[in-house]
Amino acid sequence: MSVSTFLAVSAVAQVCLNDDTSPAVTIDKPTGTVEGDLLIAIIAVDSNATADSGWTQPSGWTLIRKDGLDANSYTMMSAYKVAGGAEPASYTFELTGLAVGADTGFTGVILRYDNFVSAGPIDAHAGTIGSNGTGPSVTTTKQATTVLSAMQENTQPGDGSATPSGWTSRVNAPGVSLCSPANAVCPRLQIAEKDFSPAGATGTIDWDNLTAAQLNQTLAIKPDRQNFGGVTVAVI
């Protein structure tokens, strides 16, 4: 079987902005990005504002999902883009509509993959709030699907967690306190990956020993091709 292939991940971007109603985070393009690569951005946010009205993605990016606790403005956002022939060196994602006086911390990365269906590369996705380290199940529709589990913990540096059994760690970024005064932190962000076959429910994902997670997202990447008995066929 032919699954989507992890190629690279950007440097972790962490920034905290004081008294900003439209704070933003800029994330570098992953090393080696070429035309046709799948780029997936995952961003964790902590803010002392009570709510936000949305995100502004860079041109060409498509929002996958946004999950949050509006009472405390814990937010996780994911988006994707298929790389073109002339990509910029970095991408800026903006959180909009915060109250005056808001302090906001970001932790974000961009992961790079190949071997995916370019028209609608995300096969399934789900999110949970206040999940204490349990990522939601998704139901894949194709064999040999690569699944990402992202976990956000809004503490500094954060408890951290063992990678779920059978999964491969791709990102492990501790939380940091960069705001002064410290009304918000740059959240801890961990991302793991696993290939699933056959198609069907993945089951919930247990981030071991974690008791303080606020948000989790599960994203499944639709593979471009599958092999059956030595014959390769396109996924449609």
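Computed from a predicted structure; not experimentally measured. (Residues numbered from 1 in each chain as written. Predicted model: local features only at pLDDT ≥ 70, side-chain atom pairs only at ≥ 80, totals over all residues. Heavy atoms only, no water.)

## Here's the deal with the packing of aromatic side chains
(1) Moving on: Taken as a whole and assessed by the stated rule, the structure comprises five aromatic pairs.
(2) Moving on: Ring centres of Trp 55 and Phe 106 lie 6.3 Å apart, and the angle between their planes is 65°; on these two criteria the pair is classed as edge-to-face. Taken together, the positions of Trp 55 in strand β5 (residues 54-56) and Phe 106 in strand β9 (residues 104-114) put the pair 51 residues apart, joining distant regions of the chain.
(3) Moving on: Owing to a relative accessible area of 12%, Trp 55 belongs among the buried residues under this scheme.
(4) Moving on: Given a relative accessible area of 0%, Phe 106 falls into the buried group.
(5) Moving on: Centroid distance Trp 61 to Tyr 91: 5.2 Å. Interplanar angle 75°. Geometry classified as edge-to-face. Residue Trp 61 is located in the loop between β5 and β6 (62-69), and its partner Tyr 91 is located in strand β8 (residues 90-96); the two are separated by 30 residues in the primary sequence.
(6) Moving on: Taking the relative accessible area as the measure of exposure, Trp 61 reaches 7% and is therefore buried. (Phe/Tyr/Trp six-rings, centres within 6.5 Å; stacked < 30°, edge-to-face > 60°. Helix = DSSP H or I, 4+ residues; strand = E, 2+ residues; numbered from the N terminus. Buried < 20%, exposed > 50% of the residue type's maximum accessible area, 1.4 Å probe, protein only.)

## A few points about the sheet that holds β8
(1) Moving on: Strand order in the open sheet formed by three strands is β3-β8-β5, with antiparallel pairing between adjacent strands. The open sheet has two free edges, formed respectively by β3 (24-28) and β5, since each of these has just one partner strand. Pairs of neighbouring strands in the sheet enclose a mean axial angle of 25°, with direction left out of account.
(2) Moving on: Where β5 and β8 come together, three bridges link them in antiparallel fashion. From the neighbouring strand, Gly 54 faces β8, where its bridge partner is Thr 96. (Pairing = 2+ DSSP bridges. Axes fitted to C-alpha atoms, helices over the stretch in contact; angles between N-to-C directions.)

## A look at the sheet that holds strand β13 (residues 168-173)
(1) Moving on: Read across the sheet, five strands follow the order β10-β16-β12-β14-β13 without closing on themselves; strand pairing throughout is antiparallel. Of all the strands in the sheet, just β10 (122-129) and β13 have a single pairing partner and so form its edges. The sheet shows a mean angle of 15° between the axes of neighbouring strands, direction not considered.

## Considerations on the pairing of strand β14 (residues 188-196)
(1) Moving on: Summarising burial for β14: seven of the nine residues are buried, a large majority.
(2) Moving on: Bridge analysis of strand β12 (residues 145-153) against β14 gives nine bridges, and the strand direction is antiparallel. Note on β14: the bridge partner recorded for Met 151 is Gln 190.
(3) Moving on: In terms of strand pairing, β13 meets β14 through five bridges, oriented antiparallel. Bridge pairing in β14 places Ser 169 opposite Ala 192.

## Digging into the pattern of salt bridges
(1) Moving on: Under the defined criterion, the tally for this structure stands at four salt bridges.
(2) Moving on: A salt bridge links Arg 112 to Asp 37, with the nearest nitrogen and oxygen atoms 2.5 Å apart. Placement of Arg 112 in strand β9 and of Asp 37 in the loop between β3 and β4 (38-47) is noted, with a sequence separation of 75 residues between them. Comparing Arg 112 with Asp 37, the two get one shared label, buried.
(3) Moving on: One salt bridge in this structure joins Arg 170 and Glu 193, with 3.2 Å as the shortest N-O distance. With Arg 170 in strand β13 and Glu 193 in strand β14, the pair connects residues that are 23 residues apart, well separated along the chain. (Salt bridge = Lys/Arg side-chain N within 4 Å of Asp/Glu carboxyl O.)

## Here's the deal with unusual backbone geometry
(1) Moving on: The residue after Ser 197, namely Pro 198, is reached through a cis peptide bond having omega 5°.
(2) Moving on: Checked against the element boundaries, Pro 198 lands in the loop between β14 and β15 (205-206).
(3) Moving on: Phi angles above zero are rare outside glycine, and Asn 115 is one such case at about 60°.
(4) Moving on: Relative to the helices and strands, Asn 115 is located in the loop between β9 and β10.
(5) Moving on: A residue is classified by how much of its surface remains accessible, and Asn 115, at 18% relative accessible area, is buried.
(6) Moving on: A positive phi angle is found at Ala 144, which is not glycine, with a value near 55°.
(7) Moving on: Among the structural elements, Ala 144 can be located in the loop between β11 (134-135) and β12.
(8) Moving on: Judged by relative accessible area, which is 2%, Ala 144 ranks as buried.

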